[in-house]
Amino acid sequence: MWLTGTPSWSTRSAAGERRSSASRRAQVTSGCAAMVMDGILPAARAGRRTRGQAVRVEGGCVPPATGEAPWTGEARWTGCPARSGRRVARAGVPASRRDRREGRTACPRRAAPGAADGGPRAAEFTSAPKRLHYASERPTPSRAVRPVRTTSEASVNQSTPEQPADVVARLRATFRTGRTKPVAWRTGQLHRLRALLTERRDELAAALHADLGKSAVEANRTEIDFTVREIDHSLQNLTEWLRPESAPVPAHLGSDARAWTQYDPLGVVLVIAPWNYPAQLLLAPVAGALAAGNAVVAKPSELAPATSAALAKLLPEYLDTDAVAVVEGGVPETTALLAERFDHIFYTGNGTVGRVVMRAAAEHLTPVALELGGKSPAFVDRDVDLAVVADRLARGKFLNAGQTCVAPDYVLTDPATAAALEPELVRAVRELYGTEPKESGEYGRIVNERHFDRLSGLLGSGRVALGGDTDRTAKYIAPTVLADVDPGSPVMREEIFGPILPIVTVPDLDGAIGFINDRDKPLALYVFSESAGTRDRIAAETSSGGLGLGLPVAHLTVSDLPFGGVGESGMGSYHGRYSIETFSHRKAVLAKPLS
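Residues numbered from 1 in each chain as written. Predicted model: local features only at pLDDT ≥ 70, side-chain atom pairs only at ≥ 80, totals over all residues. Heavy atoms only, no water.

Undergrad: So what exactly am I meant to see when it comes to the overall build of the protein here?
TA: Across its full length, the protein holds 15 helices and 26 strands. By sequence separation, contacts in the protein at least 24 residues apart represent 71% of the contacts at least 6 residues apart. Accessible area of the protein: about 25100 Å², with a carbon and sulfur share of 51%. (Helix = DSSP H or I, 4+ residues; strand = E, 2+ residues; numbered from the N terminus. Contact = heavy atoms within 4.5 Å. Areas by Shrake-Rupley, 256 points an atom, 1.4 Å probe, with all protein chains shown as cover.)

What follows is the structure, encoded as C-alpha cells:
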C-alpha cells in the first residue's frame with residue numbers, strides 16, 4: 001500500500017551550504033547549485049531539460065524546464081531573475097503556448113553579476129514536503145539523485161509509514177490555513193488535474209487495458225475525456241456557482257438588513273472509488289471536491305491494481321500534496337481510513353459496502369454520498385423501431401463488458417415485442433463486435449475470476465438467444481442475451497454487472513410499472529416508447545435515480561444534470577454544480593448594521 005505525498009526538496013550553493021527549508025524559497029544559479037530530491041524522480045540525460053525532471057549536469061542539478069510546473073504541482077520554477085519584470089506562470093497552472101510565445105515564462109537574456117546565464121533564479125516552494133510509503137514497498141532511490149531529508153522533515157522517520165490518522169491530520173492542518181479556499185487555488189488544481197489527464201493519457205489508457213481490457217478508444221471516451229469535460233465545465237462556471245445568493249428579509253428586521261447564502265468548503269473529504277471505471281469514478285468526484293475548496297484523500301480501488309498504481313504515481317506529480325493524498329490498499333487500509341473523522345465521505349460501489357461506510361460515518365456524524373447501483377430496467381413499448389432500440393440497448397449494455405452501474409440490467413416488454421426484439425439484438429451486437437467478440441479490440445474483459453465465476457453462474461437463467469461463450473483464463477464472457485427469463489431466476493435476484501441481458505415479459509404497461517415498483521428503486525430507468533402518455537406515466541408512477549427516455553446511459557454525460565441514486569441505489573448526487581453542493585455547506589448569513 002502507498003500513501004503518496006510530496007517529494008523532499010532542498011538546495012545547496014556551490015560551497016555546499018544548506019539553505020533553510022523554513023524560508024520556502026531558494027536562490028539557485030544554474031550549473032553551480034543542486035536541487036536534491038527524495039530519490040523519486042527518474043534520472044534524465046545529462047544536460048537535457050525535461051518537464052517535471054531534475055537534470056543532472058556537471059556541478060549540480062538543473063531544475064525543471066523554464067516555466068513548467070515541477071512534477072509535484074506544489075512548487076514552481078520561475079526560471080527568471082526577480083528583476084526581469086516578466087510575468088511567469090502561476091503555481092499549479094501550466095503555461096500555455098501563447099504564454100511561451102509572448103515570453104511570459106522565458107527569461108530575458110541579460111547577464112547579472114556572478115551569473116553566467118542570466119542571474120539568480122527562484123524556485124518557490126509552498127510547503128514542507130514529504131514522501132510517504134510503507135517500508136515493505138519502499139521504492140529503490142534513483143542512483144542519479146541521493147535522497148536528502150530537509151530540516152522540516154526531521155521529525156518524520158522515513159522508515160515509518162504515515163498512518164491514516166496522520167494523513168488526515170496533515171490535510172486538515174492545510175485546510176485550516178485557508179489555503180484551499182481561494183478560487184485561484186481551486187482552478188489551479190483543476191488545471192493541473194486536466195493536465196494530468198491530457199499529458200498522461202497513454203499511461204492511464206494502458207493501465208485501464210491491463211485491468212479491464214478496455215481499448216484505447218473506450219478508455220479515452222468513457223474515462224479520460226469524460227473527466228476532462230467535467231473539469232472544463234467546472235472551470236467555465238465555477239465563479240458563477242460560488243457567487244452568494246441573496247434572500248428576501250422580513251420587514252420586521254428593517255430595510256437595512258440583508259440576507260444571503262454562501263458555499264463554504266466542508267474540510268477534508270474521503271473519496272473511495274470502484275473498479276469498473278477506476279479513473280473516472282475517482283477523479284470526477286475529486287475534481288468536484290477540489291472545486292468546492294476541500295482537501296481530499298483519494299482511495300483508488302485495489303481491484304484495478306494497474307490503474308490504482310498509475311493514479312498513486314501521477315496525482316502527487318500534479319496536485320498540491322499538502323491538500324491531496326492518495327491511499328492505496330484493500331480492506332484493512334480502507335477500514336483504517338473509515339475510522340478517522342472526515343467532513344464528507346463519497347463512496348461509489350455496492351450496497352453491502354455502502355452500509356459499512358455509512359455505519360463508520362455515523363460514528364462521527366459525517367455526511368455521505370453513496371453512489372450505488374441496482375437493477376436498472378429498460379421498458380420497450382409496442383410499435384417502436386426495434387432496430388434503433390436494439391442498437392442503443394447493445395451499446396449501453398455491453399460497454400465495458402456490461403460492468404457499468406447504469407447499464408440496462410434487463411428488458412421489460414410484452415411477449416410479441418420480445419420475440420421481435422431478439423433477432424435485432426443479435427444483429428446489433430454483431431455489428432458492434434463482429435461474429436467473434438473475443439477477437440474484437442473494442443470488447444472488454446471481466447475484472448477478475450471471482451466476478452467471472454459469479455456471472456457464469458447466471459447464464460443458466462434462461463434460453464440463450466445470443467452468446468453464452470466463456471473463457472475463464474481470459475476472463476471473457478461473450479455478449480449474451482437471455483430470453484424466456486423467469487422473474488424468480490438467479491439472474492433477476494441481483495444486479496448483474498456484466499454482459500448478460502435478460503428479457504422479461506409483462507402483459508402491458510401496467511404490468512411493467514407494477515414490476516418495477518415491486519423491486520428496489522433503481523439507479524436508472526429507461527423507456528423506449530413513442531407515446532407521450534406512456535413516458536409520462538412511467539416518469540410519474542415510478543422512482544429511480546435517473547430516467548432516460550429513448551437513450552440509455554447517456555444522461556451521465558450531461559454535466560448540468562445531477563447523477564445519483566435513491567433508496568437502495570444510493571443517496572446524494574454530483575457532476576457540475578451538484579458537486580459543489582455535495583462538497584460544500586450552504587451557509588445562511590444575515591447582516592444588519594449596528595448604527
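Undergrad: Can you walk me through the sheet that holds strand β18 (residues 463–466) in this structure?
TA: Strand pairing in a sheet takes place through backbone hydrogen bonds and is either antiparallel or parallel in direction. Strand order in the open sheet made by the seven strands is β18-β21-β22-β17-β16-β23-β24, with mixed pairing throughout. In this open sheet, the two strands that pair with only one neighbour each are β18 and β24 (546–549). This sheet shows a mean twist of 25 degrees between the axes of neighbouring strands, independent of strand direction. The pairing of strand β23 (residues 524–528) with β24 spans four bridges and is classified as parallel. Looking at the pairing, valine 527 lines up with leucine 549 of β24. Packing against the sheet, helix α14 (residues 532–541) makes contact with β16 (377–380), β23 and β24, and its axis sits at approximately 165 degrees to β23. (Pairing = 2+ DSSP bridges. Axes fitted to C-alpha atoms, helices over the stretch in contact; angles between N-to-C directions.)

Undergrad: Sorry, what's going on with the sheet that holds strand β10 (residues 258–265) here?
TA: The three strands are arranged β9-β10-β26 in an open sheet whose pairing can be described as antiparallel. At either margin of the open sheet sits one strand with a lone partner, and together these are β9 (245–247) and β26 (584–591). Pairwise comparison of adjacent strand axes, ignoring direction, gives a mean angle of 30 degrees for this sheet. When β10 meets β26, the two strands line up antiparallel, connected through eight bridges. Its bridge partner lying in β26, aspartate 264 is registered against histidine 585.

Undergrad: What's the story with the layout of surface pockets in this structure? I'm lost.
TA: Left-over empty space is what a probe sized like a water molecule reveals as it rolls over the atoms. Size it by volume and the largest pocket reaches roughly 1300 Å³. If you trace the largest pocket, you find 49 residues lining it, with Gly349, Asn350, Gly351, Thr352 and Glu495 closest to the centre. Here the lining of the largest pocket gets five residues from one element, more than from any other, and that element is helix α9 (residues 351–362). Along the lines of polarity and charge, the residues of the lining of the largest pocket split into 21 nonpolar, 14 polar and 14 charged. (1 Å grid on protein atoms, 1.4 Å probe; cavity = no way out; pocket = protein on both sides within 12 Å on 5 of 7 lines; lining within 4 Å. Points joined across faces, edges and corners; volume = space filled by probe spheres on them. Nonpolar A, V, L, I, M, F, W, Y, C, P; charged D, E, K, R; others polar.)

Undergrad: Where do I start with the packing of helix α5 (residues 216–242) against helix α6 (residues 280–291) in this structure?
TA: The axes of two packed helices give the description: the angle between them and the distance between them. Between α5 and α6, whose axes approach to 9 Å, the crossing angle comes to 10 degrees. When the interaxial angle is binned, α5 and α6 end up roughly parallel. Contact residues: α5 offers Thr222, Glu223, Phe226, Thr227, Ile231 and Leu238, while α6 offers Gln280, Leu283, Ala284, Ala287 and Ala291. The residue inventory of the contact of α5 with α6, partitioned by class, reads seven nonpolar, three polar and one charged. (Parallel < 35°, antiparallel > 145°, perpendicular 65-115°, else oblique.)

Undergrad: I would appreciate a short explanation of α5 in the present structure.
TA: At 3.6 residues per turn, the α-helix brings residues three or four places apart onto the same side. Spanning 27 residues, α5 covers 36 Å between terminal C-alpha atoms, matching the ideal 39 Å at 1.5 Å per step. In α5, a bend of some 50 degrees at glutamine 236 exceeds every other bend along the element. (Expected span 1.5 Å × (residues − 1). Bend = angle between axes of the 7 residues up to and from the residue.)

Undergrad: Looking at this model, I keep getting lost on the environment of glycine 188. Mind explaining?
TA: With respect to the helices, strands and loops of the structure, glycine 188 is situated in helix α3 (residues 183–199). Note on glycine 188: relative accessible area 3%, which makes it buried. Sequence spacing of glycine 188 and aspartate 320 is 132 residues, and the spatial spacing of their C-alpha atoms is 9.5 Å. (Buried < 20%, exposed > 50% of the residue type's maximum accessible area, 1.4 Å probe, protein only.)

Undergrad: Honestly, the packing of helix α4 (residues 201–212) against helix α7 (residues 305–318) in this entry has me stumped. Any pointers?
TA: Interaxial distance between α4 and α7 falls to 7 Å at its minimum, and their mutual angle equals 155 degrees. The pairing of α4 with α7 is recorded here as roughly antiparallel in orientation. Contact with α4, carried on its side by Glu203, Leu204, Ala207, Leu208, Ala210 and Asp211, involves Pro305, Ala306, Thr307, Ala310, Leu311, Lys313 and Leu314 of α7 and no other residues of that element. Classifying every residue of the contact of α4 with α7 by side-chain character gives nine nonpolar, one polar and three charged.

Undergrad: Help me understand the confidence of the model for the protein in this model?
TA: When pLDDT drops low, the exact placement of atoms in the prediction is not to be read closely. Here the protein averages 81 in pLDDT, while 73% of its residues score no lower than 70. With pLDDT under 50 throughout, residues 1–159 is counted as low confidence; its partners more than four residues away or in other chains account for 333 contacts. (pLDDT = per-residue confidence, 0-100.)

Undergrad: Just to check I follow, could you spell out the environment of leucine 399 for this structure?
TA: Within the element layout of this structure, leucine 399 appears in the loop between α10 (386–398) and β17 (410–413). A residue is classified by how much of its surface remains accessible, and leucine 399, at 13% relative accessible area, is buried. In this view, leucine 399 contacts Glu218, Arg221, Thr222, Tyr277, Ala394, Thr404 and Tyr433; residues no more than four positions away in its chain are not counted.

Undergrad: Looking at this model, I keep getting lost on the packing of aromatic side chains. Mind explaining?
TA: Two aromatic rings, taken as a pair, are described by how far apart their centres are and by the angle between their planes. With the rule as written, the count across this model stands at seven aromatic pairs. Relative to phenylalanine 497, the ring of tryptophan 275 has its centre 5.5 Å away and its plane inclined at 85 degrees; by these criteria the two rings are edge-to-face. In this pair, tryptophan 275 sits in the loop between β11 (268–272) and α6 while phenylalanine 497 sits in the loop between β21 (480–483) and β22 (500–505), placing the two residues 222 residues apart along the sequence. Judged by its relative accessible area of 10%, tryptophan 275 falls in the buried class. Site record: aromatic cluster; members linked through ring pairs are Phe346, Phe563, Tyr574 and Phe583. Seen from the ring of phenylalanine 515, arginine 519 lies directly overhead, with NZ or CZ sitting 3.6 Å from the centre. (Phe/Tyr/Trp six-rings, centres within 6.5 Å; stacked < 30°, edge-to-face > 60°. Lys NZ or Arg CZ within 6 Å of the ring centre and 35° of its normal.)

Undergrad: Explain the side chain of threonine 534 here, please?
TA: Here threonine 534 is to be found in helix α14. Setting aside residues no more than four positions away along its own chain, threonine 534 makes contact with Phe379, Asp381, Leu509 and Ser529.

Undergrad: Is there a simple way to explain the pattern of salt bridges in this structure?
TA: Side chains that differ in charge, positive against negative, can pair when their charged atoms come close. For the structure shown, the criterion picks out 30 salt bridges. The partner of lysine 214 in a salt bridge is glutamate 223, with the nearest N and O atoms 2.4 Å apart. Both residues of the pair, lysine 214 and glutamate 223, count as buried. Residue arginine 341 pairs with aspartate 343 through a salt bridge whose shortest N-O separation is 3.6 Å. Of the residues examined, arginine 341 reaches a relative accessible area of 38% and is grouped as partly exposed. Aspartate 343 sits in the buried class, given a relative accessible area of 16%. (Salt bridge = Lys/Arg side-chain N within 4 Å of Asp/Glu carboxyl O.)

Undergrad: Before we go on, may I ask you to explain unusual backbone geometry in this structure?
TA: Most peptide bonds adopt trans geometry, and most residues besides glycine take a negative phi value. Notably, leucine 365 is not glycine yet its phi reads approximately 55 degrees, a positive angle. Tracing the backbone shows leucine 365 in the loop between α9 and β15 (368–371). For histidine 575, which is not a glycine, the phi torsion comes out positive at approximately 95 degrees. With respect to the helices and strands, histidine 575 occurs in the loop between β25 (570–571) and α15 (577–582). Its relative accessible area of 0% is what places histidine 575 among the buried residues.

Undergrad: Any chance you could explain the side chain of lysine 299 here in plain terms?
TA: If you trace the backbone, lysine 299 turns up in strand β12 (residues 295–299). Looking at lysine 299, the relative accessible area reads 2%, which means it is buried. In this structure the side chain of lysine 299 is engaged in a polar contact, spanning 2.7 Å, whose partner is the backbone oxygen of glycine 329. Apart from the residues lying within four places of it in its own chain, the contact partners of lysine 299 are Leu270, Val271, Ile272, Ala273, Leu282, Val327, Glu328, Gly329, Gly330, Thr334 and Leu337. (Polar contact = N/O pair within 3.5 Å; in protein donor to acceptor, adjacent residues only side chain to side chain.)

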